[in-house]
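Given next are the chains, with one letter for each unit.
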Amino acid sequence: MFILFLLVSLVSSINATAMVSRSEYPLSQVSQHDPTTRITIGNKAIAPDGFNRSTTLVDGTFPGTLITAQKGDQFNIEVVNRLNDDSMFVLTSVHWHGIFQNRTNYADGVAFVTQCPITPNHSFLHSFSAPNQAGTYWYHKQCDGLRGPLVIYDPEDPLAYMYDVDDASTVITLADWYHTVSPDLIGTVPVAESMLINGLGRYAGGPQSDLAVINVTRGKRYRLRLVQMPCDSNVQFSIDGHNLTVIEADGQLTEPLVVDQLQIFAAQRYSVVLEANQPVDNYWIRALPSTANATYDGGLSTAILRYVGASEVDPTTVNTTAENPLVETNLHALNSSGAAGAPGYGNADINLNFNASFNGSLFAINNVTFVNPTVPVLLQILSGAHDASELLPNGSVYTLEANKVVELTVSIVSAPGGPHPIHLHGSADSSTFNYVNPVRRDVVSAGIIGQQTVIRWTTDNSGPWILHCHIDWHLAGGFAVVMAESPTDTSAHVDPVPPEWYRLCPLYNQDPDPTVARITDTSYA
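Residues numbered from 1 in each chain as written. Predicted model: local features only at pLDDT ≥ 70, side-chain atom pairs only at ≥ 80, totals over all residues. Heavy atoms only, no water.

In this section: the pattern of salt bridges. Inspection of the entire model under this criterion finds 16 salt bridges. A salt bridge links lysine 71 to aspartate 154, with the nearest nitrogen and oxygen atoms 4.0 Å apart. Placement of the pair is lysine 71 in the loop between strand S5 (66–70) and strand S6 (74–82) and aspartate 154 in the loop between strand S10 (147–153) and strand S11 (171–177), with a sequence separation of 83 residues. Given a relative accessible area of 38%, lysine 71 falls into the partly exposed group. The exposure class of aspartate 154 is partly exposed, given its relative accessible area of 24%. Between aspartate 164 and arginine 221 there is a salt bridge, with the nearest N and O atoms lying 3.0 Å from each other. Separated by 57 residues along the polypeptide, aspartate 164 in the loop between S10 and S11 and arginine 221 in strand S14 (residues 221–228) bring together distant segments of the chain. The exposure class assigned to aspartate 164 is partly exposed, which follows from its relative accessible area of 45%. Counted as one network, the salt bridges with shared partners bring together Asp157, Asp166, Arg223, Arg225 and Glu248. (Salt bridge = Lys/Arg side-chain N within 4 Å of Asp/Glu carboxyl O. Helix = DSSP H or I, 4+ residues; strand = E, 2+ residues; numbered from the N terminus. Buried < 20%, exposed > 50% of the residue type's maximum accessible area, 1.4 Å probe, protein only.)

What follows concerns the sheet that holds S14. With mixed pairing, the six strands of this open sheet are ordered in space as S12-S11-S14-S19-S16-S17. Looking at strand neighbours, the two that pair on one side only are strand S12 (194–197) and strand S17 (252–259), the edges of this open sheet. Sheet twist, expressed as the average angle between the axes of neighbouring strands with direction ignored, equals 25°. Pairing geometry for S11 and S12, over four bridges, is antiparallel. For alanine 175, the partnering residue across the bridge sits in S12 and is leucine 196. (Pairing = 2+ DSSP bridges. Axes fitted to C-alpha atoms, helices over the stretch in contact; angles between N-to-C directions.)

Turning to the state of the cysteines, a few remarks are in order. In the structure shown here, the tally under the stated rule is two disulfides. The disulfide partner of cysteine 116 is cysteine 505, and the gap between their sulfur atoms is 2.1 Å. On the sign convention where negative is left-handed, the bridge of cysteine 116 and cysteine 505, at about 90° about the S-S bond, is right-handed. Separated by 389 residues along the polypeptide, cysteine 116 in the loop between strand S7 (95–97) and strand S8 (123–129) and cysteine 505 in helix H4 (residues 499–510) bring together distant segments of the chain. With relative accessibility at 3%, the residue cysteine 116 sits in the buried group. Judged by relative accessible area, which is 11%, cysteine 505 ranks as buried. A sulfur-sulfur separation of 1.6 Å characterises the disulfide bridge that pairs cysteine 143 with cysteine 231. Pair noted here: cysteine 143 is in the loop between strand S9 (135–140) and S10 and cysteine 231 is in the loop between S14 and strand S15 (235–239), with a separation of 88 residues, a long-range link. On the basis of relative accessibility, which here comes to 2%, the residue cysteine 231 falls in the buried class. Sequence-ordered numbering of the bonded cysteines in the protein yields a pairing of 1-4, 2-3. (Disulfide = S-S within 2.5 Å.)

Function cannot be inferred from these measures alone, as they are strictly geometric.
Structure (structure tokens):
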């Protein structure tokens, strides 16, 4: 899609510029798929924090299987829908978060924007490439467990000299967890019961369930890939007794920056280098969520960093106040060419202002609540609708000319529940404009009521792209718009659209014979 350059954010005035066994849940993410694979979405009862509930999972696990690739690999991922628990959503799609999908907008996986949803007992093959991308990504859909990590490794990583270990064992997922199915939570103000680290955690008043363990050898350096994939909570992440050196944010390398704590918003990812230079022992890994009265008592919101040779016991390390937390104004892109366009606020080719508000039940951007159209926006465009006035949903689609620099100011006017993480490949957290070396990323915090963020990107990827708050409950409440980039060019830009894509809407509308979806018996590595 796009790379967003953060110019300024968080300006204070909007006028200012049941138990689970270890065998069921590995204590670190080890199973993985290659870029040519099949993932099956199904229902299963699990108890990652000790409370048993029905969920929506990828291949029966939470988090979903790690998908890995090498830079330049072609992805061919068949998504199979085997959902049958109607207490949750049985329609699905999968979004490959952070992948630009240049020329493959139809594979972005956003139901009713880039495709019709996949119906039960049907599948869709997502074929796409990411030739110039490497880093930490993830995939997701429903808030009942359909989410997992995706990593693209770079054999020529210019920062590889900084670490010794970078594999499946160093991918760390963070996710809030709810004991109630998500359809029953939409329209409420949900509060997660627990925070899971690599799929394990505990809840207040619950059993002493297993916690995830990350094993390290003293003297080695580890690239920890932190994947924040909650429905809501942002977290304060730290590891007792250890500094962390940030080298990547949302798939973009950064100048190395040493911190001792990171605030990570929903959908953001970081790579940090941990030096195992402390005495052989056990140390708490902490991910304190932003929910009210969050605590580490009883092992809540924690995992264990265990040095080889240490006893298999809980840590006794003490939580201390961070002395060097991440301040994103100190985080800069590696080998930056600067922000797109001419320096100066309002000096882009296209300057937009979005005001986010709330009427007591629904969110809105510029007074319009996003609702799913009856026909995906991409299909509308491919069918000949090119003007914003022609595209549904009315008032929520913004058309942009090709090869222009867009500057977007997102102001949180009256939208509660922040800080609001905004997703369209952007970045966060600065009080002064930076056109020289801004951090580049795909999720930026727009802050709370009375704050705003300013971001830039270049319109070099024709197609409809959703921009939304990445708190799932806010997206469900209408906090979104679609940026339709150069619609007149989309038909040529995404050509050829696979025939299977065109079958999704008839299947959704009529649900014909499942064999039409071509679910095969082929096995994938």
